[in-house]
Amino acid sequence: MTGRPPSFSSAARFQVDEKREPLKSKSNEGQSTEKASGKKKGLQSYEEQAEKRRVLCPQALPEAPLPRERVVPASLAQELPQAMLRMDMALEREYALDIFSNLMQKQPSYAFQGFDLPRSVTVEMRALLVDWLVQVHEYLNLADETLHLAVHLMNSYMKTSHVRIPHLQLLSATCLFLACKLEEHTCPEPAQLCFMMENSCTRKDLLRMERKILARLRFELHYANPIHLSRLLAEAAHCTLEVQFLALYFLESSLLEVDCLCFEPAQLSFAALSLAHRLTCEARIKDMDALQEHVPKFHVYSEAELSAVFPYMAKAVLQGGNASLRAIFLKYSRPQKLCVSTNPAIAASKFLSHFLRDPTP
């Protein structure tokens, strides 16, 4: 990709204008003998500090819901060690089932149940931010994991903080900056990201926003990235390269849909892989009942749970070529992605078009 990615016009440029919260003074009770010297005696326990944060920060992240048990089917449990071996994860293969089970137990905490955008941010604004992030992400040649983590951090901050329009683009760029620090070998310079925003923000603004995000999210930056699970499942199911790229296309398209935030990351991964399988088999198998037999079933999620995701992914990919926000469509139309977004099977799919006529699964 040559040149620099397009950024927002001056009228639509997003920025955040928030006042920094004053620092809270700590209690000096029991430290009168050392008050003059400025020294503190001892440290508070972690529980006391956590309780104080909850009192002083009423808008802190809510407690994660209790995990629910999901049974890993025997067929998947047998395939996981071999899949990890093929993915050059030989050292982890012995713990493949434990890793996968632990990953599934944490899924409910990563779903944004009852997510509401801040009043100042519309669904269109958020979609525009994600579209711009995709362009910058591709321009910088970053990993897929980085994009999904950046969007997750942006959603998390929006859920817990009052966000104004003016510096909203700065928020998305800073989330990408943080995601790069966790997922990439090399991190883009703050000046480079400011250049992507047409220098509407300075390096100091970017680093100040970084501190705000870290404080608001309490440094809880990791999550169960659906890209990791998607690749593991695709390897376990012996998927072709075309199916893998189609699944990634479905999964990335769901980032634009705010309604998909209520689903677990693993649920999105399973649904994307299931849709990719259906699409590649539909051209050869016309009978829908016979088609069901060729779709791999690991039974971690029920058919109803996966079907709840299908309408949003189907709508996103069917309208991708004609939509106003086309960054994801153009990204997956390139030969490096096997041109899966322009695959004629998408427009010809009766299964996908069914959801446009009847949005209910």
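See above for the structure.
Since the structure is predicted, the reported quantities are computational estimates derived from the model, not experimental observations.

Caption draft 1: Geometry of the nonpolar core. Core analysis: the biggest nonpolar cluster contains 102 residues, and Phe 100, Met 158, Leu 171 and Phe 250 have the highest contact counts within it. Looking at which element gives the most residues to this core, the answer is helix 6 (residues 168–183), with 10 residues. Ignoring anything within four residues of it in the chain, the contact list for Met 158 reads Phe 115, Leu 117, Pro 118, Val 121, Leu 129, Val 163, Leu 168 and Leu 171.

Caption draft 2: Focus on empty space enclosed by the protein. What the rule picks out here adds up to 1 cavity of 30 Å³ or more. Its boundaries defined by the atoms lining it, the largest cavity holds a volume of some 210 Å³. Asn 155, Tyr 223, Leu 255, Leu 261 and Leu 268 are the residues nearest the centre of the largest cavity, which is lined by 19 residues in total. Listing elements by their share of the lining of the largest cavity, those giving two or more residues are helix 5 (144–160) and helix 11 (265–282). Among the elements that take part in the lining of the largest cavity, helix 5 stands out by supplying 4 residues, more than any other.

Caption draft 3: Representation of helix 5 within the structure. A rise of 1.5 Å per residue sets the reference length of helix 5, with its 17 residues, at 24 Å; its end C-alpha atoms lie 25 Å apart and thus fit the reference within 8%. Of all 17 residues that make up helix 5, 16 are buried, and the element is covered over most of its length.

Caption draft 4: Structural context of the layout of surface pockets. In this structure, the second largest pocket spans a volume of roughly 620 Å³. Lining the second largest pocket we find 27 residues, and of these Leu 256, Glu 257, Lys 315, Ala 316 and Gln 319 sit closest to its centre. Among the elements of the structure, helix 4 (123–139), helix 10 (241–253), helix 14 (310–318), helix 15 (327–331) and helix 17 (350–357) are those that each provide at least two residues to the lining of the second largest pocket. Examining the composition of the lining of the second largest pocket, we find that 5 residues originate from one element, helix 14, more than from any other. For the lining of the second largest pocket, the residue count by class is 18 nonpolar, 4 polar and 5 charged.

Caption draft 5: Representation of the packing of aromatic side chains in the model. Under the defined criterion, the tally for this structure stands at 8 aromatic pairs. Residues Phe 310 and Phe 355 carry aromatic rings whose centres are separated by 6.1 Å and whose planes lie at 65° to one another, so their mutual orientation is edge-to-face. Of the two residues, Phe 310 is situated in helix 14 and Phe 355 in helix 17; the sequence distance between them amounts to 45 residues. Residue class for Phe 355 comes out buried when judged on its relative accessible area of 7%. One aromatic cluster is present, built from ring pairs that chain together Tyr 249, Phe 250 and Tyr 332.

Caption draft 6: Looking closely at the environment of Val 136. The residue Val 136 is located in helix 4 in this model. In this structure the C-alpha to C-alpha distance between Val 136 and Leu 176, which are 40 residues apart in sequence, comes to 9.1 Å.

Caption draft 7: Here's a closer look at unusual backbone geometry. Here Glu 198, not a glycine, exhibits a phi torsion of approximately 55°, which is positive. Residue placement: Glu 198 occurs in the loop between helix 7 (190–196) and helix 8 (203–217). A positive phi angle, close to 55°, is found at Cys 339, a residue other than glycine. Here Cys 339 is to be found in the loop between helix 15 and helix 16 (344–348).

Caption draft 8: How the structure looks around the pattern of salt bridges. According to the stated counting rule, one finds 10 salt bridges in the structure shown. Asp 144 serves as the salt-bridge partner of Arg 231, at 3.2 Å between the closest nitrogen and oxygen. Taken as a pair, Arg 231 in helix 9 (residues 226–236) and Asp 144 in helix 5 lie far apart in primary sequence, 87 residues in all. Of the charged contacts, one joins Glu 252 and Lys 331 as a salt bridge, the two residues approaching to 3.0 Å between their closest N and O atoms.

Caption draft 9: Structural view of the environment of Leu 233. If you trace the backbone, Leu 233 turns up in helix 9. You can call Leu 233 buried: its relative accessible area is 0%. Along the primary structure Leu 233 and Gln 244 are separated by 11 residues, whereas in three dimensions their C-alpha atoms are 9.6 Å apart.

Caption draft 10: A look at the state of the cysteines. Applying the stated criterion across every chain, the model contains 0 disulfides. The cysteine Cys 194 is free of any disulfide, with Cys 201 supplying the nearest cysteine sulfur at 6.5 Å. The thiol of Cys 239 is unpaired, and the distance to the nearest cysteine sulfur, on Cys 281, comes to 9.8 Å. Since its relative accessible area comes to 10%, Cys 239 is described here as buried.

Procedures and definitions
- Residues numbered from 1 in each chain as written.
- Predicted model: local features only at pLDDT ≥ 70, side-chain atom pairs only at ≥ 80, totals over all residues.
- Heavy atoms only, no water.
- Core = buried A, V, L, I, M, F, W, Y, C linked by side-chain atoms within 4.5 Å.
- Buried < 20%, exposed > 50% of the residue type's maximum accessible area, 1.4 Å probe, protein only.
- Helix = DSSP H or I, 4+ residues; strand = E, 2+ residues; numbered from the N terminus.
- Contact = heavy atoms within 4.5 Å.
- 1 Å grid on protein atoms, 1.4 Å probe; cavity = no way out; pocket = protein on both sides within 12 Å on 5 of 7 lines; lining within 4 Å.
- Points joined across faces, edges and corners; volume = space filled by probe spheres on them.
- Expected span 1.5 Å × (residues − 1).
- Nonpolar A, V, L, I, M, F, W, Y, C, P; charged D, E, K, R; others polar.
- Phe/Tyr/Trp six-rings, centres within 6.5 Å; stacked < 30°, edge-to-face > 60°.
- Salt bridge = Lys/Arg side-chain N within 4 Å of Asp/Glu carboxyl O.
- Disulfide = S-S within 2.5 Å.

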